[in-house]
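# A closer look at the structure
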Amino acid sequence: MTETVKIKELATALNLEIVTGEEKALNRDIRTADVSRPGLELTGYFNYYSHDRLQLFGSKEVTFARRMMPEERLMVIRRLCAEDTPALVISRGLDVSEEMVQACNEKDIPILRSNISTSRLLGQMTSYLDGRLATRTNVHGVLVDVYGLGVLIQGDSGIGKSETALELIKRGHRLIADDRVDIYKQDDLTLIGEPPKILEHLIEIRGIGIIDVMNLFGASAVRGSMQVQLAVYLEAWAKDKKYDRLGSSDEVVHLGEVDIPQIKIPVKTGRNVAIIIEVAAMNFRAKTMGYDATQAFEDRLSQLIEENSAL
C-alpha cells in the first residue's frame, strides 16, 4: 500500500532546517517522490505546473527571483503555493526572501533549507521518498544478510526456514526479516526487503516461540533493510527426484516485478542447510565477479575429451 510522508519526517531524515512552519504545516503530506525546480513558473508560465510536488530552489531560481520586483515576486510565489504543495525547499543555505515567507505563511506551507548543493539535495530527497512511497508487497520467507548478500529463504511451512536463519545468525550473519518480508522495487533491477514493524528483530522458532534476535545476539545481528539478490528455496528431499548436481541451471523467481536468481536445496536429516546457504552465497558472489566453477569444470572436461580423442 502506498504511504505518505510527513514534512517533519523528511526534515528529520535529511537533517533539513525548518525556516518557517508551525505544527500544522509540518504535518502536510508528501504523496509523490518527484521533485520540481520551478524555473519556468518564476517567469509566469504555469500551464504545466506540478503543484503537488516539493518545490526545490537552487542558485538559479533564487538569483532569478532576486531580480524581480517585490510585488511581482510575492505574486509568483503565491501562485507556487497551491493547496496541495507540500513544501518549498532551499539548497546551498541561500537566503529566504520576505515575500517567500509571507506567501508560505498565508497557506501554511513550510520552508525547509539545506546547506548542501542542489543536485545532491535533489538526489537525497528523491532516494528517500522513493523508498518511503514505493508500493510494497509481502512474501513468505526469511531474509538474511549472508556475507553482505541479501538471501531470501523460502519453502513450505515447517521446512526449517527460521531454524536455518537462526543457525546463520549464530554463525555471524544478520537477520532482516522472519516469516514475512515486505518488498518494494527501488529501480528496475533492484528489489529491497525489510521487516514489517510488528516483526522487526523477531524470529519464531517452533517449540520455543518468539525470540528477540537483537536482545539475544546484539545489534550487529540485525539490520533494517537489504537488497534481495538471491532466493533459496528449501524443499523436502524426494528419493526419486533428480537434483541439479553441477549448478548449471539458471532458475529465477519473479518477485515485485524483478527477476531474482533462485537455487533449490533439498532438505533431509544430516544436511547442514545453513552451511550450504553460506557456500551458495559465496559461489553466487564468485559468479558475479566472473568466476564460474561449473564452467571451469566443463572446460576441463572438454579439454580432457579432446586430449583423449587425440590419442
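Up top you'll find the structure we're talking about.
These figures come from a predicted structure and were not determined experimentally. (Residues numbered from 1 in each chain as written. Predicted model: local features only at pLDDT ≥ 70, side-chain atom pairs only at ≥ 80, totals over all residues. Heavy atoms only, no water.)

## So, the nonpolar core
- With 28 residues, the main nonpolar core has Val151, Ile153, Ile203, Leu234 and Ile277 as its most contacted residues.
- Of all the secondary-structure elements, those providing two or more residues to this core are strand S9 (142-146), strand S10 (149-155), helix H8 (161-170), strand S14 (202-205), strand S17 (230-236), strand S19 (258-267) and helix H10 (273-288).
- No other element matches H10, which puts five residues into this core.
- When near neighbours in sequence (up to four residues on either side) are disregarded, Val151 contacts Val142, Leu143, Val144, Val146, Leu230, Val232, Ile277 and Ala281. (Core = buried A, V, L, I, M, F, W, Y, C linked by side-chain atoms within 4.5 Å. Buried < 20%, exposed > 50% of the residue type's maximum accessible area, 1.4 Å probe, protein only. Helix = DSSP H or I, 4+ residues; strand = E, 2+ residues; numbered from the N terminus. Contact = heavy atoms within 4.5 Å.)

## What to know about the packing of aromatic side chains
- Summed over the entire model, instances satisfying the criterion amount to two aromatic pairs.
- Between the aromatic rings of Tyr45 and Tyr48, the centroid separation amounts to 6.4 Å while the plane-to-plane angle is 40°, which identifies the pairing as tilted.
- Overall, Tyr45 belongs to the partly exposed group, its relative accessible area being 36%.
- When the ring of Phe46 is compared with that of Tyr49, the centres are 5.3 Å apart and the planes differ by 80°; the resulting orientation is edge-to-face. When sorted by exposure, Phe46 lands in the same class as Tyr49, which is buried.
- Across from the ring centre of Trp237, 4.2 Å away, lies the NZ or CZ of Lys268, which sits over that ring. (Phe/Tyr/Trp six-rings, centres within 6.5 Å; stacked < 30°, edge-to-face > 60°. Lys NZ or Arg CZ within 6 Å of the ring centre and 35° of its normal.)

## As for the sheet that holds S19
- Reading across the sheet, the six strands line up as S11-S9-S10-S17-S19-S18 and stay open at both edges, with mixed pairing between neighbours. In this open sheet, the two strands that pair with only one neighbour each are strand S11 (174-177) and strand S18 (251-255). Put simply, the sheet's adjacent strands are angled 35° from each other on average, direction ignored.
- Packing against the sheet, H8 makes contact with S9, S10, S11 and S17, and its axis sits at approximately 20° to S9. (Pairing = 2+ DSSP bridges. Axes fitted to C-alpha atoms, helices over the stretch in contact; angles between N-to-C directions.)

## Some words on the pattern of salt bridges
- This model, assessed by the stated rule, comprises 18 salt bridges.
- Residues Asp34 and Arg53 are paired through a salt bridge, measuring 3.8 Å at the closest nitrogen-oxygen approach. Placement of Asp34 in the loop between strand S3 (29-30) and strand S4 (35-36) and of Arg53 in the loop between helix H3 (39-42) and strand S5 (54-57) is noted, with a sequence separation of 19 residues between them.
- Measuring nitrogen to oxygen at the nearest pair gives 4.0 Å for the salt bridge that ties Asp188 to Lys185. (Salt bridge = Lys/Arg side-chain N within 4 Å of Asp/Glu carboxyl O.)

## Considerations on the sheet that holds strand S8 (residues 137-140)
- If you trace the four strands from one edge of the open sheet to the other, you get S8-S12-S13-S16, paired in antiparallel fashion. The open sheet terminates on both sides in strands that have one partner only, identified here as S8 and strand S16 (226-227).

## So, the pairing of S10
- Along S10, seven of the seven residues are buried, which leaves the element largely enclosed by surrounding structure.
- Strand direction decides the pairing type here: S9 and S10, joined by five bridges, are antiparallel. Its bridge partner lying in S10, Val146 is registered against Leu149.
- Adjacent in sequence and paired antiparallel, S9 and S10 are bridged by two residues, among which Tyr147 carries a positive phi angle near 55°.
- Bridge count for S10 against S17 is five bridges, and the pairing is parallel. By the bridge assignment, Ile153 is partnered in S17 with Val232.

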